[in-house]
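In case you want the letters, here they are:
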Amino acid sequence: MTRNETIKARTKTGDNFIVHEARSDADYHRAYPIIRQLIPNLDMQTYAQRVFVARATGYRLFLAEIDNEVIGVIGIVPNHNLHDGYVTYIEHVVIDEKHRGHGYGTSLIEFAEQRAKEEGCKLIQLDTDLGHDEAENLYRKSGYTYIGKYHQKELGRTSPAASPLPVPKRDKSDHP
């Protein structure tokens, strides 16, 4: 896919749609209602700020459309790390609620995989938040394997779970 190219795509059930990279603020604005289905508390100002920074660090958003209506999005980020080398990371796949179940999510994942291969990537990764069973099923059906757990810590807050564990006391018999 060359810069600004629009590709025609078809789901396995025969539904036609197009995919193109978001290149303008207007494209990102059109994607916002779909992103909000994944992140309902995301206000437009925060979204715009995050998009600005993400784009500057390599994030790319692709829109899936039918008759100029955005029906889904996939966000991908190239990543180079010590563990795996060059990896494409799928930030999110979101299909509009009224278009789910028709294979658009699978098609967008296949699109991202093909794109990653064309760019020389040999590994693609993603993660799923707890409770998103529908997404986990999609990823599993698309050939993704579970390789670990995802952890996070909100900085600036102390919670009982984040408190350091007490150091056990040793008596003299514990020492060699």
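Residues numbered from 1 in each chain as written. Predicted model: local features only at pLDDT ≥ 70, side-chain atom pairs only at ≥ 80, totals over all residues. Heavy atoms only, no water.

Bridge count between strand β4 (residues 69-81) and strand β5 (residues 85-95): 10 bridges; the pairing is antiparallel. By the bridge assignment for β5, Asn81 is matched with Gly85. The antiparallel hairpin formed by β4 and β5 contains 3 residues in its connecting segment. As paired strands, β5 and strand β6 (residues 124-126) are joined by 3 bridges and run parallel to one another. From the neighbouring strand, Tyr89 faces β6, where its bridge partner is Gln125. Note that the unit made of β5, helix α3 (residues 104-118) and β6 has a crossover that is right-handed. (Pairing = 2+ DSSP bridges. Helix = DSSP H or I, 4+ residues; strand = E, 2+ residues; numbered from the N terminus. Right-handed = clockwise from strand over helix to strand, strands pointing away.)

Moving on to the packing of aromatic side chains. Per the counting criterion, the structure on display carries 4 aromatic pairs. The interplanar angle of 85 degrees and the centroid separation of 5.2 Å between the aromatic rings of Phe17 and Tyr104 together place this pair among those described as edge-to-face. Here Tyr104 lies in helix α3 and Phe17 lies in strand β2 (residues 16-21), a separation of 87 residues in the sequence. When its relative accessible area of 5% is taken as the criterion, Tyr104 is described as buried. On the basis of an interplanar angle of 65 degrees and a centroid distance of 5.0 Å, the ring pair of Phe62 and Phe111 is categorised as edge-to-face. In this pair, Phe62 sits in strand β3 (residues 60-66) while Phe111 sits in helix α3, placing the two residues 49 residues apart along the sequence. (Phe/Tyr/Trp six-rings, centres within 6.5 Å; stacked < 30°, edge-to-face > 60°. Buried < 20%, exposed > 50% of the residue type's maximum accessible area, 1.4 Å probe, protein only.)

The phi torsion at Asp67 lies on the positive side, around 50 degrees, for a residue other than glycine. Tracing the backbone through its elements, the reader meets Asp67 in the loop between β3 and β4. Its identity as a non-glycine residue notwithstanding, Asn68 has a phi of 65 degrees, on the positive side. Within the secondary structure, Asn68 is located in the loop between β3 and β4. On the accessibility criterion, Asn68 (65% relative accessible area) is exposed.

Right, let's talk about the pattern of salt bridges for a bit. This structure, assessed with the given rule, holds 9 salt bridges. Arg30 is the partner of Glu65 in a salt bridge, and the nearest nitrogen-oxygen pair spans 3.0 Å. In this pair, Glu65 is assigned in strand β3 and Arg30 in helix α1 (residues 25-38), connecting sequence segments 35 residues apart. A relative accessible area of 30% means that Arg30 is categorised as partly exposed. (Salt bridge = Lys/Arg side-chain N within 4 Å of Asp/Glu carboxyl O.)

Take the nonpolar core next. Phe17, Val19, Ile74, Ile90 and Leu108 are the most contacted members of the largest nonpolar core, which has 22 residues in total. Breaking this core down by element, the ones donating at least two residues are β2, β3, β4, β5, α3 and α4 (133-141). Counting residues per element, this core draws most heavily on α3, at 6 residues. Setting aside residues up to four positions removed in sequence, Phe17 forms contacts with Ile7, Lys8, Ala9, Arg10, Thr11, Ala64, Glu65, Ile66, Tyr104, Ser107 and Leu108. By size, the runner-up hydrophobic cluster in this structure holds 16 residues, among which are Tyr28, Ala31, Tyr32 and Val70. (Core = buried A, V, L, I, M, F, W, Y, C linked by side-chain atoms within 4.5 Å. Contact = heavy atoms within 4.5 Å.)

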